[in-house]
Amino acid sequence: MMYSRIVGTGSYLPERILSNHDLEGMVDTSHEWIFTRTGIIERHIADESELASDLALQASRRAIESAGIGADEIDLVIVATTTPDMLFPSTAALLQSKLGIKNNCPAFDVQAVCTGFIYALSTADCYLRSGKYRHALVVGTEVLSRIIDWTDRSTCVLFGDGAGAVILKPSVSPGILSCHLHADGSYNPILAAPGRVCNGQIQGSPFVSMNGNAVFKVAVNVLEQVAEEAMLANKMSPSDIDWLVPHQANIRIIEATAKKLSLNMDRVVVTVDRHGNTSAASIPLALDQAAREGRFREGETLLLEGVGGGITWGAVLLKW
Ligand code: UT7
């Protein structure tokens, strides 16, 4: 039996920090409202010159360094992003070039919004287990600040920019135990950035619009379902899970999931307070932060899970 295993992590956050107090001067909101409803205190915002591939580059370099490999040893590049540099080429192809990888390895983007990293990790896992590739670079990177309407208080307080990356390798010992991906496209109206480019113009709003209440309810339900599905597939119960590394959208959603899993919050990786919701970047950012703090021990069981626009949702159960 062949598995794939995370052998390196990296992340990058833009320097500029936007606090809740800063937002009080921009829209009719308060630190109190944002913190009690979401758990967010601050988020990072990219410079105008920084693109998703630039953030990805920094995170990838750190992941490559922590894996102890050379960039040219990477033979598969998958980038999850909702905010690509351009319509095409893919951000993955641009990242491959910026990393100086000259081996013509495949590079492609995955778009599953906030579940993007889970989808990308699952895709890489399939390729590596089949024995086709030796080192996959899997990245979640976002400059969500570009598609936020900074006059809309119901969305602008929620999101931030950043990138996280992992290096995945085939391994005879686990590794990723199982991946569980889902989508229900009929929910598309409750979370979308509907604008499209047509004849040189943007048709429809290019900004994130969200029915927060509706997304909240769906999120809590599907995250519980997919956690149960992942545990059942591996004949595990909540007591077998050492760490929950959830998508970081709202502390209330994270706490609800932890409660349903009977997991103490000190076994849950939380970064939403400092990062806000960084969509596809949130899980690899949280993973890297906790890994660098030395929180995970070898052999521990981690449950990664996310939900986002689509609606898409999914989970990855793995041994560290
Ligand atoms: O990453 C993809 C997945 N996304 C999510 O999981 C997000 C899920 N949803 C949420 O996290 C929450 O629904 C929100 C944080 C977006 C909103 O929290 P809520 O408790 O559902 O608040 P609400 O939308 O019901 O709004 C309550 C009130 C409204 O005022 P009224 O109608 O009660 O007078 C809003 O107008 O809060 C008002 N409000 C604000 N007030 C101050 C909305 N945004 C703000 C704001 N500051 N920024």
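Everything below is about the structure shown above.
Described in the following lines is the structure provided in the data block. These numbers come from a predicted model, not from an experiment.

Parameters and conventions
Residues numbered from 1 in each chain as written. Predicted model: local features only at pLDDT ≥ 70, side-chain atom pairs only at ≥ 80, totals over all residues. Heavy atoms only, no water. Near = heavy atom within 4 Å. Polar contact = N/O pair within 3.5 Å; in protein donor to acceptor, adjacent residues only side chain to side chain. Areas by Shrake-Rupley, 256 points an atom, 1.4 Å probe, with all protein chains shown as cover. Helix = DSSP H or I, 4+ residues; strand = E, 2+ residues; numbered from the N terminus. Nonpolar A, V, L, I, M, F, W, Y, C, P; charged D, E, K, R; others polar. Domains from an automatic or database assignment. Patch = residues over 30% accessible without salt bridge, like charges linked within 9 Å, V, L, I, M, F, W, Y side chains within 5 Å. Salt bridge = Lys/Arg side-chain N within 4 Å of Asp/Glu carboxyl O. Buried < 20%, exposed > 50% of the residue type's maximum accessible area, 1.4 Å probe, protein only. Contact = heavy atoms within 4.5 Å. Core = buried A, V, L, I, M, F, W, Y, C linked by side-chain atoms within 4.5 Å.

Let's shift gears to the site of the ligand. Of all residues adjacent to the ligand, which total 23 residues, the nearest are Thr29, Arg37, His247, Asn250 and Asn277. In the model, an oxygen atom of the ligand is placed 3.0 Å from a nitrogen or oxygen of the Asn213 side chain. In the environment of the ligand, an oxygen atom lies 2.8 Å from a nitrogen or oxygen atom belonging to the side chain of His247. For the ligand, the accessible surface in isolation is 960 Å², of which the surrounding protein chains cover 74%. Of all the elements in the fold, those that place two or more residues in the shell around the ligand are α2 (31–38), α6 (153–156), α7 (212–233) and α8 (251–260). The dominant element in the shell around the ligand, judged by the number of residues it contributes, is α7, at four residues. The class makeup of the residues in the shell around the ligand is eleven nonpolar, eight polar and four charged. Split by domain, the shell around the ligand shows at least three residues from each of two domains, domain 1 (3–173) and domain 2 (177–319).

Moving on: a nonpolar patch on the surface. A grouping of Leu87, Phe88, Val197 and Ile202 is seen on the molecular surface, where their side chains present a nonpolar patch of about 510 Å² in accessible area. When you line up the elements, Phe88 lands in the loop between β4 (76–80) and α4 (91–98). Residue classification places Phe88 among the exposed positions, given a relative accessible area of 69%.

Tracing the sequence through the fold places His247 in the loop between β13 (243–246) and α8. In this structure the side chain of His247 is engaged in a polar contact, spanning 3.3 Å, whose partner is the side chain of Asn277. Non-local contacts of His247, meaning those with residues more than four positions away in its chain, are made with Cys114, Ile254, Asn277, Ser279, Ser282, Ile283, Glu305, Gly306 and Val307.

Counting 43 residues, the largest nonpolar core has Leu261, Leu303 and Val307 as the members making the most contacts within it. At the level of secondary structure, the elements contributing two or more residues to this core comprise α7, α8, β14 (301–308) and β15 (312–319). A per-element tally of this core places α7 first, with ten residues. Formed jointly, this core draws a minimum of three residues from each of two domains, domain 1 (3–173) and domain 2 (177–319). Contact partners of Leu261, with chain neighbours within four places excluded, come to Ala227, Met231, Pro238, Leu244 and Leu303.

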